[in-house]
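Structure at a glance
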Amino acid sequence: MPAERPPGGLEGVVVGESAITDVRGGEGMLYYRGYSVPHLAGSVGWEGVVHLLRSGELPTPGETRALREALSARRRSLGDLAPMVRAIPPGATPMEALRSGFSLLGHGWDGFPPTDEMFELLLAFPPVFLPNLWRHRHRQSVLTEPEGLGQAAAYLWRLTGQAPDPRKLAALEAYLVLVADHGMNASTFVARSVLSTWSDPASAMSAAVGSLKGPLHGGAPSLVADFLDRVGTPDRAEEEVEATLGRGERLMGFGHRVYRGEDPRARRLRELARTVASSERMELAEAVERAGLRALARRNPKRPWGLNVEFYAALVLEAAGIPRPLFPPTFALARTAGWVAHLKEQAQHNRLVRPDVRYVGPGPRPLPTPA
Ligand code: COA
């Protein structure tokens, strides 16, 4: 009897153990170290989640302060990154630039396991590099944020040169918390695989960003915003959804590999979007949500359809003032929290990642005799 075919995309395959994030797809629940993620968003800041994911426990106020100060010092130590920013080809997307940026940051990083200093630099890098790249491309001067800010506020400050609106900052911070980690997704698996060879954590991050770039993983929120623009008004939602599916294209922000039904982060992001998005944008998004779910259910009624994290992320990010091309790398900025925690866990229990594949090509055969 022929052996059963392995599942495509490693779906359902357990590749190891982790004590970081518990993704309960069937129940539509998500926990970081046992704490419900939608509840963490809004009550713990991103630095608190970095600490939680890395150490296993929520930080004391003193520990949060210490981490904020350490990351703030690392951001300053990076300087203006001008040579690096100038080295990025002008045609590179910000996500491609971030992938290259991590790679350049890690020159000369040798030795295993990675140090805490490396991890802190990797966390501090995106909120400096992305605004500096953005401003360089728009011929604006580079900015340094005032003392005492967390990563989210520093990121907005360095982008705009203004103190962020507290409501928008809170929404961005909650978004960063919601997407800080998500179990053994493609980019995390890639990052852990790279580190397992005793490579450096910047190489792991660079590879992870390359993986997150794909629209099936993390590249969708800017595409959601583009789609909403294309729809324009709520009354056109149905028509545009049908046209998109009719062309065989996917609706961005809908469906998930693990969650059957709605992604719990989508629910929280919808609530957050209501606090910051304009009522017109919200009505448009809700009309697209309804039309999309109806159309997908009609085509595939057996599968319980729901939104994923990317759909309302688009509204939160645009309302927070993040330029659309920076949506994907802002996701990456948030996810550095999870990648660092996973790299630390990988280093603690390392074994070279080297799975098998079933060979299905031709059997051994002789070389053709020369004519
Ligand atoms: N729009 C239209 N069709 C979709 C769809 C979507 N958003 N998501 C899945 N499908 C369809 C697929 O085309 C496929 O149809 P087929 O069997 O006729 O080929 C079927 O549903 C199963 O899709 P599959 O790719 O096996 O599901 P998955 O569980 O691996 O996919 C996603 C999960 C997220 C990759 C998928 O839902 C998707 O592409 N969503 C849109 C992109 C997106 O929002 N990405 C962000 C992810 S957080």
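Relevant structure appears above.
What you see is a predicted model, and the numbers here were worked out from it, not measured in a lab.

Observations regarding the overall build of the protein chain
When its secondary structure is counted, the protein chain shows 17 helices and 3 strands. Principal axes of the C-alpha set define a box for the protein chain whose edges measure 70 × 60 × 50 Å. Per-residue burial over the protein chain gives 51% buried out of 371 residues. Taking all contacts inside the protein chain whose residues are at least 6 apart in sequence as the whole, residues at least 24 apart take part in 75%. With an accessible surface of roughly 17800 Å², the protein chain has 54% of that area assigned to carbon and sulfur atoms. Each charge class in the protein chain was averaged separately, 44 positive and 40 negative side chains, and the resulting centres sit 4 Å apart.

Points about the packing of aromatic side chains
Tallied over the full model, the rule gives 5 aromatic pairs. Consider the rings of Phe112 and Trp198, whose centres lie 5.6 Å apart with planes at 15°: the pair is stacked. Here Phe112 is found in the loop between helix H5 (94-105) and helix H6 (116-124), whereas its partner Trp198 is found in the loop between helix H10 (186-196) and helix H11 (201-212), with 86 residues between them in sequence. Owing to a relative accessible area of 58%, Trp198 belongs among the exposed residues under this scheme. When the ring of Phe125 is compared with that of Phe129, the centres are 5.0 Å apart and the planes differ by 20°; the resulting orientation is stacked. Here Phe125 falls in the buried class, since its relative accessible area comes to 0%. Owing to a relative accessible area of 0%, Phe129 belongs among the buried residues under this scheme. Within the aromatic cluster, the residues linked to one another by ring pairs are Phe102, Phe125 and Phe129.

Quick word on the packing of helix H8 (residues 151-160) against helix H9 (residues 166-178)
For the pair H8 and H9, the least separation of the axes is 9 Å and the interaxial angle reads 120°. With respect to H9, the axis of H8 lies oblique. Like other packed secondary-structure pairs, H8 and H9 cross with a definite hand, here right-handed. Facing Ala152, Ala153, Tyr155 and Leu156 of H8, the residues of H9 in contact are Leu169, Leu172, Glu173 and Leu176. In terms of residue class, the contact of H8 with H9 is built from 7 nonpolar, no polar and 1 charged.

Focus: the packing of helix H14 (residues 264-276) against helix H16 (residues 310-319)
Orientation of H14 relative to H16, taken along the N-to-C sense of each, is 35°, at an axis distance of 8 Å. In terms of crossing hand, the pair formed by H14 and H16 is left-handed. The segment H14 lies against H16, with Ala266, Leu269, Arg270, Leu272, Ala273 and Val276 engaging Tyr312, Ala313, Leu315, Val316 and Ala319. For the contact of H14 with H16, the class distribution of residues is 10 nonpolar, no polar and 1 charged.

Notes on the pattern of salt bridges
Overall, the coordinates contain 28 salt bridges when judged by the stated rule. Residues Arg294 and Glu238 are paired through a salt bridge, measuring 3.0 Å at the closest nitrogen-oxygen approach. Placement of Arg294 in helix H15 (residues 279-299) and of Glu238 in helix H13 (residues 237-246) is noted, with a sequence separation of 56 residues between them.

Some points on the site of the ligand
Not every one of the 19 residues close to the ligand is listed here, only the nearest: Arg250, Leu251, Gly253, Phe254 and Asn308. Separating an oxygen atom of the ligand from a backbone N or O atom of Gly253 is a distance of 2.7 Å. At 3.3 Å from an oxygen atom of the ligand is found a side-chain nitrogen or oxygen belonging to Arg303. Expressed as a share of its isolated accessible area of 850 Å², the protein-covered part of the ligand is 69%. Considered class by class, the residues forming the shell around the ligand number 9 nonpolar, 5 polar and 5 charged.

Rules used throughout
- Residues numbered from 1 in each chain as written.
- Predicted model: local features only at pLDDT ≥ 70, side-chain atom pairs only at ≥ 80, totals over all residues.
- Heavy atoms only, no water.
- Helix = DSSP H or I, 4+ residues; strand = E, 2+ residues; numbered from the N terminus.
- Buried < 20%, exposed > 50% of the residue type's maximum accessible area, 1.4 Å probe, protein only.
- Contact = heavy atoms within 4.5 Å.
- Areas by Shrake-Rupley, 256 points an atom, 1.4 Å probe, with all protein chains shown as cover.
- Lys, Arg positive; Asp, Glu negative; His and termini not counted.
- Charge placed at Lys NZ, Arg CZ, Asp CG, Glu CD.
- Phe/Tyr/Trp six-rings, centres within 6.5 Å; stacked < 30°, edge-to-face > 60°.
- Axes fitted to C-alpha atoms, helices over the stretch in contact; angles between N-to-C directions.
- Parallel < 35°, antiparallel > 145°, perpendicular 65-115°, else oblique.
- Left-handed = near helix turned anticlockwise from the far one by under 90°.
- Nonpolar A, V, L, I, M, F, W, Y, C, P; charged D, E, K, R; others polar.
- Salt bridge = Lys/Arg side-chain N within 4 Å of Asp/Glu carboxyl O.
- Near = heavy atom within 4 Å.
- Polar contact = N/O pair within 3.5 Å; in protein donor to acceptor, adjacent residues only side chain to side chain.

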